[in-house]
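Each chain, letter by letter, is given below.
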Amino acid sequence: EVVDADGLILLPGLVDLHTHLREPGREDAETVRSGTRAAAKGGYTAVCAMANSYPVADTAGVVEQVAALGKAAGYADVQPIGAVSVGLEGKQLAEIGAMAHSAAKVRMFSDDGHCVADPIMMRRALEYVKTFGGLIAQHAEEPRLTEGAQMNEGAVSAELGLPGWPAVAEEAIIARDVLLAEYTGARVHFCHVSTARSVDIIREAKARGAKVTAEVCPHHLLLTDEAARTYDPVYKVNPPLRRESDVAVLRGALAEGVIDAVATDHAPHAPQDKDCEWAAARPGMLGLETALSITVLALGGPEGVDWDTVAERTSRTPARIAGLEAHGRDPQPGTEANFTLVDPTATWTVVPADLASLSRNTPYAGMVLPVTVQATFLRGRATVLNGKIAEETTE
Ligand code: NCD
Ligand code: ZN
Ligand code: ZN
């Protein structure tokens, strides 16, 4: 293809460390195909698929199935994340070695959807992944501190009379796992960091040389717990939307690099799981198709943003964390490159019906966002052209 890139920004293809593709098990909410189409439209060339599918990705068979579905679809590389524990229950270590040595070559393990809340399990998992250079992506909150929680604990939850989800539930696990990372010498990656104090703990840990990395989600860079006043479940997410002051600290930490990467935590949900009362709704929101725009907003807007920092936080660093060697590289002539072309001056309105995702639970519906993805190339082949899935433009 010949693409007129005049006036466009060239980025290495975006890499998402944290995507829920819902296949196997909840293909009504998302499939590997629909989720990777959404990824391509968002400028991504690789996604790491979270383990909380049905069945859980806790065996070589399931991770190989997810990887094969990604290959067959052809819109983005799909790197499965393995479950740390059987069924995500945190009681028994999963077949970590079998997943690592499988065709899916799993390096990152997580218990998203549940927790490696038990420090003994976490220690054993860290010692295990250290033997082959893997890492644990920790998403857990201290479970006893979040029982019954409905939204961020603070002034707004007090006013609404909803049970609060305290920041310390996240911070306690991060502090503990920084210590376990140092103790075992293994790598820990902190998923969806959402509080100012978490950033402090990670900053101090890195200053001591702990092998820790961290991601922030677009929604925690833009939205606050004020949104819960609407009682619209589209704003319900784990961890919850926090305070304005947390948003400011997260933005600063992302610009600085204390937070290493933006990860979407793209969490598609079927209508029946969101079109209900706040308390009954599943947590999670869409992210892949809006992440780049929100990242640009958080890093200074289309005029002020430093595009090299965008490339670093959305592509190069996440590719390095996940060990995806073909990604996060600036395209070189004569290679089958992974890249995306962005219009820095365009804006777009988020229309849920236009999204490539099968689900519609975006918190940005109707918002006008900066910058558009014009084209995405996976190994030298267009997956997106003129802002549309490539096959649709060539048909
Ligand atoms: C995640 C999901 O939907 O799978 N939801 C979310 O709010 N982030 C699971 C989780 O991380 O709790
Ligand atoms: Zn999570
Ligand atoms: Zn998640």
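For the structure, see preceding data.
Residues numbered from 1 in each chain as written. Chains lettered and ligands numbered in written order. Predicted model: local features only at pLDDT ≥ 70, side-chain atom pairs only at ≥ 80, totals over all residues. Heavy atoms only, no water.

Visitor: I'd like a description of the sheet that holds strand S1 (residues 9-12), backed by residues and values.
Guide: On the basis of which strands lie adjacent, the open sheet formed by 5 strands has the order S1-S13-S14-S15-S16 and antiparallel pairing. In the strand order of this sheet, the two ends are held by S1 and strand S16 (388-389), each with one partner. Summarising the sheet, strand S14 (residues 368-378) and strand S15 (residues 381-385) pair through 3 bridges and their orientation is antiparallel. Of the residues in S15, the one forming a bridge with Phe377 is Ala382. Along the sheet, helix H12 (residues 307-322) contacts S1, strand S13 (339-349) and S14; its crossing angle with S1, the most-contacted strand, is approximately 30 degrees. (Pairing = 2+ DSSP bridges. Helix = DSSP H or I, 4+ residues; strand = E, 2+ residues; numbered from the N terminus. Contact = heavy atoms within 4.5 Å. Axes fitted to C-alpha atoms, helices over the stretch in contact; angles between N-to-C directions.)

Visitor: Give a description of the environment of Arg123 that names residues and reports values.
Guide: Here Arg123 lies in helix H4 (residues 119-130). Residue classification places Arg123 among the partly exposed residues on the basis of a relative accessible area of 35%. Between the alpha carbons of Arg123 and Thr184 there is a distance of 7.2 Å; along the sequence they are 61 residues apart. Excluding residues that lie within four positions of it along the chain, Arg123 makes contacts with Leu180, Tyr183 and Thr184. (Buried < 20%, exposed > 50% of the residue type's maximum accessible area, 1.4 Å probe, protein only.)

Visitor: Please provide a residue-by-residue account of the coordination of the zinc ion (ligand 2), values included.
Guide: Surrounding the zinc ion (ligand 2) are the protein donor atoms Asp112 (OD), His139 (ND1) and His192 (NE2), which sit 1.9 to 2.7 Å from the metal. Taken together, the 4 donor atoms coordinating the zinc ion (ligand 2) span angles of 84 to 136 degrees at the metal, a pattern that classifies the geometry as irregular. When the donor residues of the zinc ion (ligand 2) are listed from N- to C-terminus, their spacing reads D-x26-H-x52-H. By relative accessible area, which is 5% here, Asp112 ends up buried. (Donors = N, O, S within 2.8 Å, 3.2 Å for Na, K, Ca; no water. Tetrahedral: all angles 85-135°; square planar, octahedral: opposite > 155°, others 65-115°.)

Visitor: Before we move on, could you go through unusual backbone geometry and cite the residues and values that matter?
Guide: Cis geometry marks the peptide bond from Glu23 to Pro24; its omega dihedral reads 5 degrees. Its place among the elements puts Pro24 in the loop between strand S2 (14-19) and helix H1 (32-41). Even without glycine at this site, Lys105 takes up a positive phi of about 45 degrees. Its location among the elements puts Lys105 in the loop between helix H3 (96-101) and strand S6 (108-110). Phi is positive for Asn386, which is not a glycine, with a value near 50 degrees. Secondary-structure assignment places Asn386 in the loop between S15 and S16.

Visitor: Give me the lowdown on the site of ligand 1, citing residues and values where you can.
Guide: As a structural note, the neighbourhood of ligand 1 is formed by His20, Arg22, Asn52, Asp112, His139, Val237, Asn238, Asp265, Ala267, His269, Pro283 and Gly284. A distance of 2.7 Å separates an oxygen atom of ligand 1 from a polar side-chain atom of Asp112. Within the complex, 93% of the 310 Å² of free accessible area of ligand 1 lies under protein. (Near = heavy atom within 4 Å. Polar contact = N/O pair within 3.5 Å; in protein donor to acceptor, adjacent residues only side chain to side chain. Areas by Shrake-Rupley, 256 points an atom, 1.4 Å probe, with all protein chains shown as cover.)

Visitor: Give me the nonpolar core: which residues, what numbers.
Guide: Nonpolar side chains in soluble globular proteins tend to end up buried together. Within the largest apolar cluster, 74 residues are counted, with the highest numbers of intra-cluster contacts made by Leu11, Phe109, Phe190, Val193, Leu292 and Trp307. Not counting chain neighbours up to four residues away, the residues in contact with Leu11 comprise Leu292, Trp307, Val310, Ala311, Phe339, Thr340 and Val342. (Core = buried A, V, L, I, M, F, W, Y, C linked by side-chain atoms within 4.5 Å.)

Visitor: Go over the environment of Val368 with me, naming the residues and quoting the values.
Guide: Considering the arrangement of structural elements, one finds Val368 in strand S14. Residue classification places Val368 among the exposed residues on the basis of a relative accessible area of 54%. Between the C-alpha atom of Val368 and that of Thr131, which follows or precedes it by 237 residues, the distance is 47 Å. Once residues within four sequence positions are removed from consideration, Val368 is found in contact with Thr347, Trp348 and Thr349.

Visitor: Any chance you could break down the pattern of salt bridges for me, citing the residues and the numbers?
Guide: According to the stated counting rule, one finds 19 salt bridges in the structure shown. Put simply, Glu391 and Arg37 hold a salt bridge, and the shortest N to O gap is 2.7 Å. Pair noted here: Glu391 is in helix H13 (residues 390-394) and Arg37 is in helix H1, with a separation of 354 residues, a long-range link. Overall, Glu391 belongs to the partly exposed group, its relative accessible area being 30%. For Arg37, a relative accessible area of 12% puts it in the buried group. Between Asp177 and Arg176 there is a salt bridge; the shortest N-O distance is 2.8 Å. For the pair Asp177 and Arg176, one class covers both residues: buried. Linked by salt bridges that have partners in common, Asp308, Glu312, Arg316 and Asp330 make up one network. (Salt bridge = Lys/Arg side-chain N within 4 Å of Asp/Glu carboxyl O.)

Visitor: Describe in detail the packing of aromatic side chains, supporting the description with residues and values.
Guide: The geometry of an aromatic ring pair is captured by two quantities: the separation of the ring centres and the angle between the planes. Applying the stated criterion across every chain, the model contains 3 aromatic pairs. Consider the rings of Phe109 and Phe132, whose centres lie 6.2 Å apart with planes at 75 degrees: the pair is edge-to-face. Of this pair, Phe109 sits in strand S6 while Phe132 sits in the loop between H4 and strand S7 (135-138), placing them 23 residues apart in sequence. Overall, Phe109 belongs to the buried group, its relative accessible area being 0%. (Phe/Tyr/Trp six-rings, centres within 6.5 Å; stacked < 30°, edge-to-face > 60°.)

Visitor: Would you mind going over helix H8 (residues 244-256) in detail, with residue names and values included?
Guide: For an α-helix, the turn length of 3.6 residues means that residues three or four places apart are oriented alike. For H8, with 13 residues, the first-to-last C-alpha span of 19 Å sits near the 18 Å given by 1.5 Å per residue. Among the residues of H8, Asp246, Val247, Leu250, Ala253 and Leu254 are the ones counted as buried. Taken around the axis of H8, the buried residues stretch over an arc of 130 degrees, which confines them to a single face. Opposite its buried face, H8 presents the exposed residues Glu244 and Glu256, each directed more than 90 degrees away. Contacts from the buried residues of H8 go to helix H7 (196-207), strand S11 (212-216), strand S12 (261-262) and H12. Of the residues flanking the end of H8, it is Gly257, one or two places downstream, whose phi is positive at about 105 degrees. (Expected span 1.5 Å × (residues − 1). Arc of directions from axis to C-beta.)

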